Structure formats: structure tokens, C-alpha cells
Amino acid sequence: MILALFGGALLLWCAAEARLRQRIRRRGLPAVATVVAESDVHGALDSAPLLSFATRPVPAGRTGGVPGVEAGELVLTRPRGHTPLRRPAHLVPGGSVRIAYDPQHPGHAVLAAEEAGPRPLVADLLWAALGLGCLAAGAVLLLVAA
């Protein structure tokens, strides 16, 4: 039962993250972020780098009636959907990367498709395969127990 629930939750999480990344890349505002050096030992081990960027004025109609953040506000965030085991070599502290961010929630940022490369698709497929495997194993165990 727990295995099936874990597999189902993992599949839902994968779908939500993929949809969020796609929506932000399509409708978000482009920006250039700087990779920030981290003083926290555990943060430096994270494969998703800490990014710093300044927000821009929100164009009319982009926020859907929700007031955006102030232009020029400095945002520190980690990109969504970045799950490789090791941080890529081009994401070194002080380096610049292109991102897209949600004007309503500037903390929701993703690496631009050119910066992310083919890895997000591979990672999404691996996480989805893990979720499907757990869901199938849990279903089989439930059928055997019944």
C-alpha cells in the first residue's frame, strides 16, 4: 500500500514539476542570474545552484490582476526541476546563466532551455520510471495480499 502511494505521489510530483517548468519557460520573464557562492557546506553540496537576479517591471496583463514584485528587487533562489547528482561545470560561483522566472512568484525560476541542456528530460524520465515501478510493485503486492 505504502509503495503504491509513494509511486503515485512521485508521479504526481514529476508531472507538476514538468508542467511548472514548461509554464515558466513559456510565460515567464527572461533574466540573467548570477550563481552565488555559498557559505553553507550543505548548500554547496546541492546540485541546484543558488542564483541571484534582479526583477524587472511586470508588463501589463502578465500578472493576471495580481500585483507583482517591485522592479529591481533582488531575489535569491534555486532553479526548479534541477536534479542531477553533480552540479554542471558551467554553474560555478560568479558565472552568469539565463533563466526565466514567474513574475507573480519570482522565487519560482528555471534555467533557460539552452542552459539546462538535455538533462532535465533524462532526469524526468528516470523519476517517472521510478514512480511507475513503485506504483506497479505496490499494486502487485496489494493484489497478492488480497
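These remarks concern the structure in this document.

Calculation rules
- Residues numbered from 1 in each chain as written.
- Predicted model: local features only at pLDDT ≥ 70, side-chain atom pairs only at ≥ 80, totals over all residues.
- Heavy atoms only, no water.
- Pairing = 2+ DSSP bridges.
- Helix = DSSP H or I, 4+ residues; strand = E, 2+ residues; numbered from the N terminus.
- Axes fitted to C-alpha atoms, helices over the stretch in contact; angles between N-to-C directions.
- Contact = heavy atoms within 4.5 Å.
- Salt bridge = Lys/Arg side-chain N within 4 Å of Asp/Glu carboxyl O.
- Expected span 1.5 Å × (residues − 1).
- Buried < 20%, exposed > 50% of the residue type's maximum accessible area, 1.4 Å probe, protein only.
- Phe/Tyr/Trp six-rings, centres within 6.5 Å; stacked < 30°, edge-to-face > 60°.
- Patch = residues over 30% accessible without salt bridge, like charges linked within 9 Å, V, L, I, M, F, W, Y side chains within 5 Å.
- Areas by Shrake-Rupley, 256 points an atom, 1.4 Å probe, with all protein chains shown as cover.

## A few points about the sheet that holds strand E4 (residues 96-101)
And step 1. The strand order across the open sheet built from five strands is E3-E2-E1-E4-E5, with neighbouring strands paired in antiparallel fashion. This sheet does not close on itself; its edge strands, each paired only once, are strand E3 (74-77) and strand E5 (109-111). Averaged over all adjacent pairs, the angle separating strand axes in this sheet is 40°, with direction ignored.
And step 2. The pairing of strand E1 (residues 29-35) with E4 spans six bridges and is antiparallel. Its bridge partner lying in E4, alanine 33 is registered against valine 97.
And step 3. Here helix H1 (residues 2-27) sits on the sheet and contacts E1, E4 and E5; the angle it forms with E5, its principal contact strand, is near 85°.

## Some thoughts on the pattern of salt bridges
And step 1. Throughout the structure, instances matching the rule amount to two salt bridges.
And step 2. Notably, a salt bridge pairs glutamate 17 with arginine 80, separated by 2.4 Å at the nearest N-O pair. Separated by 63 residues along the polypeptide, glutamate 17 in helix H1 and arginine 80 in the loop between E3 and E4 bring together distant segments of the chain.
And step 3. Residue arginine 23 is joined to aspartate 102 by a salt bridge in which the shortest nitrogen-to-oxygen separation is 3.6 Å. In this pair, arginine 23 is assigned in helix H1 and aspartate 102 in the loop between E4 and E5, connecting sequence segments 79 residues apart.

## A closer look at H1
And step 1. Here H1 spans 37 Å end to end across 26 residues, near enough to the 38 Å set by a 1.5 Å rise per residue.
And step 2. Along H1, the residues classified as buried are Ala4, Gly7, Leu10, Cys14, Glu17, Leu20, Arg21 and Ile24.

## Some points on the packing of aromatic side chains
And step 1. On inspection of all chains with the given rule, the structure shows one aromatic pair.
And step 2. Consider the rings of phenylalanine 53 and tyrosine 101, whose centres lie 4.9 Å apart with planes at 40°: the pair is tilted. Of this pair, phenylalanine 53 sits in strand E2 (residues 51-54) while tyrosine 101 sits in strand E4, placing them 48 residues apart in sequence.

## What to know about a nonpolar patch on the surface
And step 1. Together, Leu3, Phe6, Trp13, Trp127, Leu130 and Leu141 give the surface a local cluster of nonpolar side chains, amounting to about 560 Å² of exposed area.
And step 2. Taken together, the elements giving at least two residues each to the nonpolar patch come down to H1 and helix H4 (119-145).
And step 3. As for its placement among the helices and strands, leucine 141 is situated in helix H4.
And step 4. We classify leucine 141 as exposed; its relative accessible area is 53%.

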